[in-house]
Amino acid sequence: MEIQDSVAAACHADRQRLLEVFRVAIAKPLPASQTAVATMVEAVKPQKQTVLVQDENQLLENGLRTLLEELVGAAVANGKSVMQYGRAEGPEDDGNGLLTRLLDIVLYLCEKGNVEGGMIFQLLEDLTEVSTIKDCKEVFGYIEGKQETLGKSELFSRGKLVMLRTCNQLLRRLSKTNDVVFCGRILMFLAHFFPLSERSAVNIKGVFNTSNETKYEKEPPGDSPAIDFTFYKTFWSLQEYFSNPTTLTHPSKWQTFSSNLGIVLETFEMQPIGEEDESLSLDGDDDSTFNIKYLTSSNLMSLELKDPGFRRHVLVQCLIIFDYMKTPGKAEKDGPREGVREELKVHEDRVKKLLRTTPPKGREFLASIEHILERDKNWVWWKRDGCIPFERFVQEKKIPSDPPKRRPRWRLGNRELSRLWKWSDDNPNAITHAKRVKMPPLAEYFKPLAEDMDPEAGIEEEYHHKNNKVYCWKGLRFAARQDLDALSRYSDMKIMGVVPPDLLTPEVRSSLYKPTDRPKAKGVKKDEEYTPNLTQTEDASGSAPTSVSLMELDATTLARDPEEATAMDADGPAVADVEPEADPEPEAEAEPEPEPEPVVEPVPLTDLSDAKPETVQTPVEAEPSSSKVVSEPPPVGNQSPSPLKSEARSGKKRAHPDD
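Here's what I pulled together on the structure shown here. (Residues numbered from 1 in each chain as written. Predicted model: local features only at pLDDT ≥ 70, side-chain atom pairs only at ≥ 80, totals over all residues. Heavy atoms only, no water.)

### As for the overall build of the protein
Part 1: A count of helices and strands for the protein gives 24 helices and four strands.
Part 2: Buried positions account for 30% of the 659 residues belonging to the protein.
Part 3: For the protein, the proportion of contacts with a sequence separation of at least 24, taken over those separated by at least 6, is 66%.
Part 4: A total of about 45200 Å² of accessible surface is found on the protein, and carbon and sulfur atoms cover 53% of it. (Helix = DSSP H or I, 4+ residues; strand = E, 2+ residues; numbered from the N terminus. Buried < 20%, exposed > 50% of the residue type's maximum accessible area, 1.4 Å probe, protein only. Contact = heavy atoms within 4.5 Å. Areas by Shrake-Rupley, 256 points an atom, 1.4 Å probe, with all protein chains shown as cover.)

And the structure:
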């Protein structure tokens, strides 16, 4: 028991200290931003630096509600307004009372997140409950002034239900006839404070205010003037259907309403309103004469029928109920029957005709009403579909601290081309730089493909280099630059024919190339098909044989005429410069054989002293820049050829045409 008493005493002491700290803070006419956080820290001494935990929030809220009740009681005792009590006097007057400063401090703490966001809404609800209607108007004025702050997402989510409950309690306390303006202020605040998709404010079920009854005389008075009381009852009975349109779904109710409406419209048509009756309107321009309901006395019936404003109100009510009945529900069967639709069409045309002819500006008034009803259909369909949220929140644009950087302009169109242009100060020399990528030799480039072609390597077909189109295309370009003979084999063997044969294994080489089609290695001369020999001939007289050394003759080369040879001196052979000329035409009687044999011409051994040495012109394959032909004389008599010349003749090989 003693422990409980000590705990209670400690809590009471903490509350008194909290109240005293806030009394001192609100007594100073300073902005809430300067005193709020320091006052909260001094009063509660939170575990964290500036944010309260749950128990600390509850302690602060209880203390503030107690302080609020004390201030309201003091204001009532002094006979002053609640919101103006404790207002400073003289030059320090900031226009705020003690309660206003207290609410400002709590609102600032809630906005900055130092305390729980719903605390300010709870204090406002308590303040409206303990205040009179006159003081509530000033309290609600404070709420309207802080609407933007209270509507922020961090506060609205915590206190929207409390604010709705506060406003509904105020509406119940207010009179609908004496406090119409204050009720309108509350409804306008709720419309702005809550979003359009708030289901509690859209009457999603479409419930009508059936409590709004129109009372009229059921029996004719004895001293009433001569009026048609039957028409009077018929006219005011329409209000029962206007206040609750759902009753018209019953066929009997609809027939009664349709017949009564026909009588009223016929009376309006029989008594049209002219321009001279416009001055008889019961509605004045002054707001003080505005009435939310018309009087139903039978003595006023004749005057009301001549009032253009009164007639317009009744006809607009008819258009509203017609629009309600024509709007389909969620199912097609909810709409009116075919017969009802035809009657609605007839009544609607008559009502619009009466509105068009009712002064002043009947056509403009009818166009405005039709536009309003057309827009109202959108809200009807939206509520029928469940009030789907359609609001789009504006995203706040972040203003950059630094000014935006201008987009760079590239000299050559884009960044990469400009970077390549600036690669070197001297671009032509950069092309021949040592680090520049050069064309690899053909044997080096095709080495991976040759390894793939080896069956022992076990390379799967999927990972074969021949499937890489880029690799094959680059290899063909290298072959076009380095080896045209290898490139010519691409048409028969594809990319595998371009691979140099030296890189292939014997098995792969034998499978790709036939023995007669094997390509030669580059730079190696093909062996000659014919070898030079010494042919000894003997003439008919039995002379000593003469030895003649002949060069290899090509299959397509014909022996030249000895008479075309150049004369040589007796001492040695002579070298003559001969202009290159085309191959001589073969003689008509000499038909070339398929495989020509070397031709040897016998030299007669006559008087050697009188004979002139004849030379045999031997074609020698010269360099492209040379056009000389070397001629040698044949040996004379038994003179054998020089060993050096014989060796040169026998060892001479013909170059391959492809080389």
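Picking up after the structure, the text goes on.
### Examining the packing of aromatic side chains
Part 1: Taken as a whole, this structure holds 23 aromatic pairs when the rule is applied.
Part 2: Between Phe 208 and Tyr 324, the ring centres sit 5.5 Å apart and the planes meet at 90 degrees, which makes this aromatic pair edge-to-face. Placement of the pair is Phe 208 in the loop between helix 9 (180-193) and helix 10 (229-243) and Tyr 324 in helix 13 (residues 308-326), with a sequence separation of 116 residues.
Part 3: Here the aromatic rings of Tyr 445 and Phe 446 are separated by 5.5 Å at their centres, their planes lie at 85 degrees, and the arrangement is edge-to-face.
Part 4: The exposure class assigned to Tyr 445 is buried, which follows from its relative accessible area of 12%.
Part 5: Judged by its relative accessible area of 0%, Phe 446 is buried. (Phe/Tyr/Trp six-rings, centres within 6.5 Å; stacked < 30°, edge-to-face > 60°.)

### Some details on the environment of Ser 297
Part 1: Structurally, Ser 297 is set in the loop between helix 11 (251-270) and helix 12 (301-305).
Part 2: Ser 297 sits in the partly exposed class, given a relative accessible area of 25%.
Part 3: Between the C-alpha atoms of Ser 297 and Tyr 232, which are 65 residues apart in sequence, the distance is 9.4 Å.
Part 4: The contacts of Ser 297, once residues within four sequence positions are left out, are Glu 217 and Tyr 232.

### Focus on a nonpolar patch on the surface
Part 1: Judged by side-chain polarity, Leu 412, Leu 417, Leu 420 and Trp 421 come together as a nonpolar surface patch covering roughly 370 Å² of accessible area.
Part 2: Assignment of secondary structure puts Leu 412 in the loop between helix 15 (362-384) and helix 16 (415-421).
Part 3: Taking relative accessible area as the criterion, Leu 412 reaches 35% and is therefore assigned partly exposed. (Patch = residues over 30% accessible without salt bridge, like charges linked within 9 Å, V, L, I, M, F, W, Y side chains within 5 Å. Salt bridge = Lys/Arg side-chain N within 4 Å of Asp/Glu carboxyl O.)

### As for the nonpolar core
Part 1: Among the nonpolar cores identified, the biggest contains 59 residues, and Phe 22, Leu 60, Ile 120, Leu 127, Leu 150 and Met 163 are the most heavily contacted of them.
Part 2: Those elements that place two or more of their residues in this core are helix 1 (2-26), helix 2 (32-44), helix 3 (54-78), helix 4 (98-112), helix 5 (119-129), helix 6 (133-145), helix 8 (153-173) and helix 9.
Part 3: The element best represented in this core is helix 4, accounting for nine residues.
Part 4: When residues no more than four places from it in sequence are discounted, the contact partners of Leu 127 are Leu 68, Val 72, Val 82, Met 83, Leu 99, Leu 103 and Val 139.
Part 5: Within the second largest apolar cluster, 35 residues are counted, among which are Leu 261, Val 264, Phe 310 and Ile 369. (Core = buried A, V, L, I, M, F, W, Y, C linked by side-chain atoms within 4.5 Å.)

Taken by themselves, the reported measurements are silent on function.
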